[in-house]
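Chain residues, written in single-letter form:
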Amino acid sequence: MADVTEKSGPLALLVGFVLFVVFETAAYYLLRWATSPLGMSNQLQPENTIVPNWVKTVVFLLLHLALVVVAVLTLSNQLPRRYRGQVMGWFYLSLVMGFLLLIPLFD
């Protein structure tokens, strides 16, 4: 008997994309609030160092990675089998988004 796997359709990909955008937006605002006491808003001061903003960057990336891993573990257990193939793609995209979200974090 041949292994027949049912793939998710374009509507499932669209729903996955919308949920990905909602997750990344919520994660960004939550982590921006959590890291708001860290760092310095004005980097153009005499004798200023990069250390406070470096700490904010590392904390933001580690918390973002923790949120993403928890989301992936939760989704891989809760989603039906035919939608699980999307999870790793969104996971890899979310890892890249963690670095891209640093740009608006420091603007």
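Residues numbered from 1 in each chain as written. Predicted model: local features only at pLDDT ≥ 70, side-chain atom pairs only at ≥ 80, totals over all residues. Heavy atoms only, no water.

Enquirer: Which parts of the structure should I look at to understand helix α1 (residues 10–34)?
Expert: An α-helix turns once per 3.6 residues; consequently, residues spaced three or four apart project the same way. When the terminal C-alpha atoms of α1 are compared, their 36 Å separation across 25 residues agrees well with the 36 Å that a helix rising 1.5 Å per residue should span. When we look at burial in α1, the residues that qualify are Ala12, Gly16, Phe20, Glu24, Ala27, Tyr28 and Leu31. (Helix = DSSP H or I, 4+ residues; strand = E, 2+ residues; numbered from the N terminus. Expected span 1.5 Å × (residues − 1). Buried < 20%, exposed > 50% of the residue type's maximum accessible area, 1.4 Å probe, protein only.)

Enquirer: Whenever I open this one, the environment of Arg82 confuses me. Can you help?
Expert: As for its placement among the helices and strands, Arg82 is situated in the loop between α2 (51–78) and α3 (87–100). Assessed through its relative accessible area of 36%, Arg82 is described here as partly exposed. Taking C-alpha positions, Arg82 is 6.0 Å from Ser8, a pair spaced 74 residues apart along the chain. Polar side-chain contacts of Arg82 include one of 2.5 Å to the side chain of Tyr83. (Polar contact = N/O pair within 3.5 Å; in protein donor to acceptor, adjacent residues only side chain to side chain.)

Enquirer: When you look at α3 in this model, what are you seeing that I'm missing?
Expert: Compared with an ideal rise of 1.5 Å per residue, which puts 14 residues at 20 Å, α3 spans 20 Å between its outermost C-alpha atoms and is within 8% of the ideal. Listing the buried residues of α3 in full gives Val87, Phe91, Ser94 and Gly98. For α3, the angular spread of the buried residues around the axis is 60°, confining them to a single face. (Arc of directions from axis to C-beta.)

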